[in-house]
Amino acid sequence: MTELLTREGYDQTKVKLADLEKRLGEIERRTDLDLQHLADVRRSYRMIMREYLKEIKLYEAKHRKESP
(Lines give C-alpha, C1' and ligand atoms only; values in the text may rest on other atoms or scores of the structure.)
Protein backbone atom coordinates (compact mmCIF):
# COMPACT_ATOMS: atom_id res chain seq x y z
CA MET A 1 0.00 0.00 0.00
CA THR A 2 1.15 3.52 -0.74
CA GLU A 3 2.07 5.70 2.21
CA LEU A 4 -0.28 8.67 2.46
CA LEU A 5 1.09 12.03 1.44
CA THR A 6 1.73 14.90 3.81
CA ARG A 7 0.41 18.33 2.85
CA GLU A 8 3.85 19.20 1.49
CA GLY A 9 4.04 15.93 -0.44
CA TYR A 10 0.56 16.52 -1.83
CA ASP A 11 1.55 19.97 -3.11
CA GLN A 12 4.78 18.61 -4.61
CA THR A 13 2.96 15.73 -6.27
CA LYS A 14 0.46 18.10 -7.88
CA VAL A 15 3.36 20.17 -9.27
CA LYS A 16 5.12 17.03 -10.55
CA LEU A 17 1.90 15.83 -12.19
CA ALA A 18 1.39 19.16 -13.95
CA ASP A 19 5.00 19.07 -15.14
CA LEU A 20 4.62 15.54 -16.53
CA GLU A 21 1.40 16.51 -18.32
CA LYS A 22 3.17 19.47 -19.90
CA ARG A 23 6.19 17.39 -20.88
CA LEU A 24 3.99 14.65 -22.36
CA GLY A 25 2.18 17.27 -24.45
CA GLU A 26 5.52 18.54 -25.73
CA ILE A 27 6.66 15.01 -26.56
CA GLU A 28 3.39 14.29 -28.39
CA ARG A 29 4.09 17.20 -30.73
CA ARG A 30 7.57 15.99 -31.64
CA THR A 31 8.03 14.41 -35.04
CA ASP A 32 11.65 13.32 -34.70
CA LEU A 33 11.07 10.34 -32.40
CA ASP A 34 10.96 6.70 -33.40
CA LEU A 35 7.40 5.39 -33.03
CA GLN A 36 8.41 2.61 -30.64
CA HIS A 37 10.37 5.06 -28.48
CA LEU A 38 7.41 7.45 -28.46
CA ALA A 39 5.08 4.63 -27.39
CA ASP A 40 7.48 3.62 -24.60
CA VAL A 41 7.73 7.20 -23.34
CA ARG A 42 3.95 7.63 -23.41
CA ARG A 43 3.44 4.41 -21.49
CA SER A 44 6.06 5.36 -18.91
CA TYR A 45 4.71 8.88 -18.38
CA ARG A 46 1.12 7.67 -18.14
CA MET A 47 2.07 5.02 -15.61
CA ILE A 48 3.78 7.63 -13.41
CA MET A 49 0.87 10.04 -13.86
CA ARG A 50 -1.59 7.32 -12.76
CA GLU A 51 0.45 6.77 -9.60
CA TYR A 52 0.54 10.50 -8.86
CA LEU A 53 -3.23 10.78 -9.40
CA LYS A 54 -3.84 7.81 -7.11
CA GLU A 55 -1.74 9.40 -4.36
CA ILE A 56 -3.51 12.75 -4.80
CA LYS A 57 -6.97 11.15 -4.65
CA LEU A 58 -6.07 9.15 -1.54
CA TYR A 59 -4.85 12.31 0.18
CA GLU A 60 -7.98 14.26 -0.82
CA ALA A 61 -10.31 11.45 0.30
CA LYS A 62 -8.60 11.16 3.66
CA HIS A 63 -8.80 14.89 4.27
CA ARG A 64 -12.44 15.10 3.15
CA LYS A 65 -13.33 12.57 5.81
CA GLU A 66 -11.41 14.49 8.49
CA SER A 67 -13.00 17.85 7.65
CA PRO A 68 -16.28 18.56 9.49
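Details of the structure are given in the entry above.
Residues numbered from 1 in each chain as written. Predicted model: local features only at pLDDT ≥ 70, side-chain atom pairs only at ≥ 80, totals over all residues. Heavy atoms only, no water.

Enquirer: I'm lost on the environment of Thr-6 in this one. Help?
Expert: Within the secondary structure, Thr-6 sits in the segment before helix H1 (7–29). Residue classification places Thr-6 among the exposed residues on the basis of a relative accessible area of 52%. For Thr-6, the side chain forms a polar contact with the main-chain nitrogen of Gly-9, separated by 3.0 Å. (Helix = DSSP H or I, 4+ residues; strand = E, 2+ residues; numbered from the N terminus. Buried < 20%, exposed > 50% of the residue type's maximum accessible area, 1.4 Å probe, protein only. Polar contact = N/O pair within 3.5 Å; in protein donor to acceptor, adjacent residues only side chain to side chain.)

Enquirer: For this particular structure, what's the right way to read the nonpolar core?
Expert: Looking at soluble globular proteins, one finds that nonpolar side chains tend to be buried together. Ranked by size, the top nonpolar core spans 13 residues in total, and within it Tyr-10, Leu-17, Leu-20, Ile-27, Tyr-45 and Met-49 carry the most contacts. Looking at this core, the elements that each hand over two or more residues are H1 and helix H2 (35–66). Those residues in contact with Tyr-10 that lie beyond four places of it in its chain are Leu-5, Ile-56, Tyr-59 and Glu-60. (Core = buried A, V, L, I, M, F, W, Y, C linked by side-chain atoms within 4.5 Å. Contact = heavy atoms within 4.5 Å.)

Enquirer: What am I meant to see in the environment of Glu-8 here?
Expert: Along the chain, Glu-8 falls in helix H1. Look at Glu-8 and you get exposed, because its relative accessible area is 57%. Spatially, the C-alpha atoms of Glu-8 and Arg-50 are 19 Å apart, while their sequence positions differ by 42 residues.

Enquirer: Please explain H1 as it appears in this structure.
Expert: Spacing of three or four residues puts side chains on the same side of an α-helix, whose turn is 3.6 residues. Here H1 is 23 residues long and its end C-alpha atoms lie 34 Å apart, about the 33 Å a rise of 1.5 Å per residue gives. Those residues of H1 lying buried are Gly-9, Tyr-10, Thr-13, Leu-17, Leu-20, Leu-24 and Ile-27. (Expected span 1.5 Å × (residues − 1).)

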